[in-house]
Amino acid sequence: MITIMEGRLKSIESSVEIFRNTGKLFLQVDGSNNIIPVDGMNFGLFYLASITDKLFNISPSIFIHFLFSSIILISIIIIFYLLNLFFNNKKIFITIFSLNLIILIYIFKKIYYLNIEYLLYFLPPVITILFVESIKLKQIKYNSFILYFLFLLYLLCESIKTYSSLGAIIYFFVFILFENKKKNIIIFSLIFVFIFSFSNLINYTSGKIQKKNYYELFDVNYEIDYLVGASKWQAVYLGLSYISNAYVDNFDDNVTSKFLKSKNKNYKIINTHTHEKILKDEILRIIKKDKGFFFRLMSAKIGTILAWVALFANISLIYFFSFRLENYKKFGILLCFTFYSVFPIMTIPVTFYITGIIGTSLSLFNLMMIDRQFQNTLKKIYFFFRLNNS
């Protein structure tokens, strides 16, 4: 069964149970059986799981399995359909589709027991970039369906993982800008701003609802300044552990907890606004004190990211620099790589933080394979070798 991290699933299950009993959203039970606000996580899955449980009496674990299974299945069908538009040779089409499927399975297996949510960094660029190319064919039958699916996928991504779809949206936006149709630019600009702010909007409104619900249950406001949404500075702090150093020795919440306890005698939980400031100040102090360490750390992370790009983009990197690739494609791909590099640079460049880079690399490979000019070059090479061997 497809699931998410055990700690997150327990929080969602606890929140759903409280909603079932009290009608109050975004609260959970802690280890001492006290009702407390949900902290340090985006609220998308909490809201969807609570509503699904109320309407259909479906448990959070079943809902999450169904949600991600549906996303994966629909995504595979769309990728199959879009790739098929570009190939007359069915053998080549099956080969390229199989490659996409193998990489999807590889990522799925790598993050299956860790955090399936990180698949939401991989799918948007792969589908979006293929869809953008298919628009120019002007023969796509299911244009509206795919566009609606992408829009819903973007919203879902942003409600679960902040900015996870933004790299793909940026590529789409670059295409619209280069197309230079004022009406489309205005419409897509409004959509872009809406999706960009969607995660923050959800967290803001959910935080207000959460605070109101807690007060209605206990007639007091909670004492701790709980952090609404994911902790950015904790991720950056633990990301310092990517190379050996004297400051952070492991990518583990317990390391953060130990440090914060030494700085705050009133420590209760990690995810508070107070602790965000403490972590931010500590990171800036380390960078200021040890610039050599910071340079080595960034070099190691960027070097690892480039290695991932080389592995999955492969020969398409030669295509990127050698062939007459359209400007919007080059610019869009570079922006995608740049944007999806932010997450592994903030944290550590391992599989689940690098899925956006893998998705963009695969997209570049797909762009190369669907390029008619490149296909003609391949035919000439194939004909040359066949001629020499005959």
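**Details of the overall build of the protein**
Then, number 1: For the protein, the count of helices and strands is 16 helices and 2 strands.
Then, number 2: Summarising its shape, the C-alpha atoms of the protein cover approximately 80 × 55 × 45 Å along the three principal directions.
Then, number 3: Counting over 390 residues, the protein shows a buried share of 52%.
Then, number 4: Long-range pairs, those at least 24 residues apart, make up 70% of the contacts in the protein between residues at least 6 apart in sequence.
Then, number 5: Put simply, the protein has 40 plus and 23 minus side-chain charges, and the middle of one group is 12 Å from the middle of the other.

**Quick notes on the nonpolar core**
Then, number 1: The biggest cluster of nonpolar side chains holds 102 residues, and the ones touching the most others in it are F68, L83, L119, F122 and F172.
Then, number 2: Not counting residues within four places of it along the chain, the set of residues in contact with F122 comprises I103, L104, I107, T355, G356, I358, G359 and L362.
Then, number 3: If you look at the next biggest cluster of nonpolar residues, it comprises 17 residues, including L238, I270, L279 and M298.

**Details of helix α9 (residues 232-239)**
Then, number 1: For α9, the buried fraction is high: 6 of the 8 residues fall into the buried class.
Then, number 2: Listed as buried for α9 are Q234, A235, V236, Y237, L238 and G239.
Then, number 3: Next to the buried residues of α9 lie α10 (253-263), α11 (273-289), α12 (291-313) and α14 (327-346).
Then, number 4: Its side-chain oxygen 3.2 Å from the backbone nitrogen of Q234, S231 forms the N-cap of α9.

**Some details on the packing of aromatic side chains**
Then, number 1: All told, the structure shown has 26 aromatic pairs when counted by the stated rule.
Then, number 2: Ring centres of F320 and F321 lie 5.0 Å apart, and the angle between their planes is 90°; this geometry places the pair in the edge-to-face category.
Then, number 3: A relative accessible area of 64% means that F321 is categorised as exposed.
Then, number 4: Taken together, the ring pairs in this structure connect Y118, Y121, F251, F339, Y340, F343, F352 and Y353 into an aromatic cluster.
Then, number 5: Note that K90 overlies the ring of F93, its terminal NZ or CZ placed 5.9 Å from the centroid.
Then, number 6: The aromatic ring of F320 is capped on one face by K330, whose charged end is 5.7 Å from the ring centroid.

**A few points about the confidence of the model for the protein**
Then, number 1: Put simply, the protein has an average pLDDT of 87, and 94% of its residues get 70 or more.
Then, number 2: Ranking the elements of the protein by mean pLDDT puts helix α16 (residues 372-389) last with 67 and α12 first with 95.

**Side note on the packing of helix α4 (residues 90-111) against helix α5 (residues 119-135)**
For any two helices packed against each other, the geometry is given by the interaxial angle and the distance between the axes.
Then, number 1: Running from N to C, α4 and α5 cross one another at 165°; their axes reach a closest spacing of 10 Å. Judged on the interaxial angle alone, α5 and α4 are roughly antiparallel. Note that α4 runs across α5; the crossing there is right-handed. Along its contact with α4, which presents N100, I103, L104, I107 and I111, the element α5 presents L119, F122, L123 and V126.
Then, number 2: When the residues that make up the contact of α4 with α5 are grouped by side-chain class, the tally is 8 nonpolar, 1 polar and no charged.

**Quick word on the environment of I96**
Then, number 1: Mapped onto the fold, I96 is located in helix α4.
Then, number 2: A C-alpha to C-alpha distance of 7.7 Å links I96 and N366, two positions 270 residues apart in sequence.

**As for the pattern of salt bridges**
Then, number 1: One pass over the structure, following the stated rule, counts 9 salt bridges.
Then, number 2: Between E216 and K212 there is a salt bridge, with the nearest N and O atoms lying 2.8 Å from each other. With E216 and K212 both in helix α8 (residues 182-218), this residue pair falls 4 residues apart, about one helical turn.
Then, number 3: On the basis of relative accessible area, K212 is assigned to the partly exposed category, the value being 49%.
Then, number 4: For R285, the salt bridge identified is with E282, shortest N-O distance 2.9 Å. On the criterion of helical spacing, the pair formed by R285 and E282 is a turn pair, its members being 3 residues apart in helix α11.
Then, number 5: On the accessibility criterion, R285 (39% relative accessible area) is partly exposed.

**Notes on unusual backbone geometry**
Then, number 1: With phi around 65°, Y163 is a residue other than glycine that occupies positive phi space.
Then, number 2: Tracing the sequence through the fold places Y163 in the loop between α6 (143-160) and α7 (166-179).
Then, number 3: Positioned with a positive phi, N314 is a non-glycine residue whose angle comes to about 55°.

**Observations regarding the side chain of Q28**
Then, number 1: If you trace the backbone, Q28 turns up in strand β1 (residues 27-29).
Then, number 2: Here S11 takes part through its side chain, which lies 2.9 Å from a polar atom of the side chain of Q28.
Then, number 3: Look past the residues within four positions of Q28 in its chain and what remains in contact with it is S11, S14, S15, I18, N34, I35, I36, P37, V38 and D39.

**Some remarks on a nonpolar patch on the surface**
Then, number 1: Together, F151, L152, F194 and L201 line one region of the surface with nonpolar side chains, adding up to about 360 Å² of accessible area.
Then, number 2: With respect to the secondary-structure elements, F151 resides in helix α6.
Then, number 3: On the accessibility criterion, F151 (31% relative accessible area) is partly exposed.

**A look at the state of the cysteines**
Then, number 1: Under the criterion given, the structure shown has 0 disulfides.
Then, number 2: Considering cysteine sulfurs only, C336 is the nearest to C157, which forms no disulfide, with 13 Å between them.

**Considerations on the environment of I12**
Then, number 1: Here I12 lies in helix α1 (residues 6-22).
Then, number 2: Note on I12: relative accessible area 2%, which makes it buried.
Then, number 3: Considering only alpha carbons, one finds I12 and P60, 48 residues apart in sequence, at a separation of 7.0 Å.
Then, number 4: Excluding its chain neighbours within four sequence positions, the residues that come into contact with I12 are I4, L45, F46, A49, P60 and I64.

Conventions we followed
Each chain carries its own residue numbering, running from 1 in the direction its sequence is written. With pLDDT at 70 or above as the cut-off, local features in this predicted model cover only qualifying residues; side-chain atom pairs require 80 or more to be listed or tallied, and sums for whole chains, interfaces and linings still use all residues. Side-chain metrics rest on all non-hydrogen atoms present in the structure, leaving aside hydrogens and water. Numbering goes from the N terminus for both helices and strands, where a helix is a DSSP run of H or I of at least four residues and a strand is a run of E of at least two. When a residue's accessible area, from a 1.4 Å probe over protein chains only, is under 20% of the maximum for its type it is buried; when over 50% it is exposed; and in between it is partly exposed. A contact between two residues is defined here by any heavy atoms of the two lying within 4.5 Å. Think of it this way: Lys and Arg go in the positive column, Asp and Glu in the negative one, and His and the chain ends go nowhere. By convention, the point assigned to a charge is CZ for Arg, NZ for Lys, CD for Glu and CG for Asp. Grouping buried Ala, Val, Leu, Ile, Met, Phe, Trp, Tyr and Cys residues that are joined through side-chain atoms within 4.5 Å yields what is termed a nonpolar core. N or O atoms within 3.5 Å of each other form a polar contact, as long as, within protein, one can give a hydrogen and the other can take it, and as long as residues adjacent in sequence are counted only when both atoms are side-chain atoms. Any Phe, Tyr or Trp ring, taking Trp's six-membered ring, that has another such ring centre within 6.5 Å forms a pair; planes under 30 degrees apart are called stacked, those over 60 apart edge-to-face, and the others tilted. Any Lys NZ or Arg CZ found within 6 Å of a ring centre and within 35 degrees of that ring's normal is scored as a charge over the ring. Looking at any residue, its pLDDT shows the predictor's confidence there, from 0 to 100. For every element, the axis is a line fit to its C-alpha atoms; helices are fit only across the contacting stretch, and the angle between N-to-C directions ranges from 0 to 180 degrees. Put simply, angles under 35 degrees are roughly parallel, angles over 145 are roughly antiparallel, angles from 65 to 115 are roughly perpendicular, and the rest are oblique. Handedness of each helix crossing follows the sense of rotation of the near helix against the far helix: counterclockwise by less than a right angle gives left-handed, clockwise gives right-handed. Residue polarity is assigned by list, with Asp, Glu, Lys and Arg as charged and Ala, Val, Leu, Ile, Met, Phe, Trp, Tyr, Cys and Pro as nonpolar; anything else, Gly included, falls into the polar class. The salt bridge criterion pairs a side-chain nitrogen of Lys or Arg with a carboxyl oxygen of Asp or Glu, the two atoms within 4 Å. Nonpolar side chains (Val, Leu, Ile, Met, Phe, Trp, Tyr) are joined into patches within 5 Å and like charges within 9 Å, using only residues with over 30% relative accessible area and no salt bridge. In this description, accessible areas are obtained by the Shrake-Rupley approach with a 1.4 Å probe, and a residue is regarded as covered only by the protein chains that are shown. Whenever a pair of cysteine sulfur atoms sits within 2.5 Å, that pair is classed as a disulfide.

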